[in-house]
Amino acid sequence: MFGKKKQGGRFDNAIAVDQFDFLDQSHEVARLWVEDGAGATCIIQPEHLEMPEMFGMLMVDSIRHGSRAFAQAQGISEAEALSRIWAGLDAERNRNTTDLDTVQNYQKPD
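Treat the numbers as computed from the prediction; the structure is a model and nothing was measured. (Residues numbered from 1 in each chain as written. Predicted model: local features only at pLDDT ≥ 70, side-chain atom pairs only at ≥ 80, totals over all residues. Heavy atoms only, no water.)

(A) Broad picture of the overall build of the chain. On a plain count of helices and strands, the chain comes out with two helices and two strands. When the helices and strands of the chain are placed in sequence order, the string is β-β-α-α. Here the chain holds 110 residues, and the buried ones make up 10% of them. A total of about 10100 Å² of accessible surface is found on the chain, and carbon and sulfur atoms cover 53% of it. (Helix = DSSP H or I, 4+ residues; strand = E, 2+ residues; numbered from the N terminus. Buried < 20%, exposed > 50% of the residue type's maximum accessible area, 1.4 Å probe, protein only. Areas by Shrake-Rupley, 256 points an atom, 1.4 Å probe, with all protein chains shown as cover.)

(B) Summary view of the confidence of the model for the chain. Model confidence for the chain is summarised by a mean pLDDT of 85, while 85% of its residues fall at 70 or above. The lowest-confidence element of the chain is strand β2 (residues 40–44), averaging 87 in pLDDT; the highest-confidence one is helix α1 (residues 52–74), averaging 97. (pLDDT = per-residue confidence, 0-100.)

(C) Structural detail: the side chain of S67. Along the chain, S67 falls in helix α1. Excluding residues that lie within four positions of it along the chain, S67 makes contacts with E78, A81, L82 and I85. (Contact = heavy atoms within 4.5 Å.)

(D) Expanded view of the packing of aromatic side chains. By the definition in use, this model includes one aromatic pair. Ring centres 5.2 Å apart and planes at 25 degrees place the aromatic pair F20 and F22 in the stacked group. For F22, a relative accessible area of 61% gives the class exposed. (Phe/Tyr/Trp six-rings, centres within 6.5 Å; stacked < 30°, edge-to-face > 60°.)

(E) Inspection of the pattern of salt bridges at higher detail. Applying the stated criterion across every chain, the model contains four salt bridges. A salt bridge links D61 to R64; the shortest N-O distance between them is 3.7 Å. Within this pair, D61 and its partner R64 are both found in helix α1, separated by three residues, close to a single helical turn. Take D61: its relative accessible area is 36%, and that puts it in the partly exposed class. (Salt bridge = Lys/Arg side-chain N within 4 Å of Asp/Glu carboxyl O.)

Here you go:
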């Protein structure tokens, strides 16, 4: 479903998208990373979205795509995957598990 992961670069675990020519006219607006035993890193570039509601719509679209990806990868139904994704989203909305740090406030090591 996805391209091979890039090897030998700064982000060895990046999802390779170079072969997807349907992205040629697209703008990247978000990147998401997770680290084993740690939190998530989310980089958001909102300049290509007219209003915050569009980001919400994009997140719902990505959740729907995620349910299909998990269904295919784990042999479960899309409905089950979607239900479980929404459960995780609701759990995080009800009780954030991490504080937010912003790139603007990030201090690089010396």
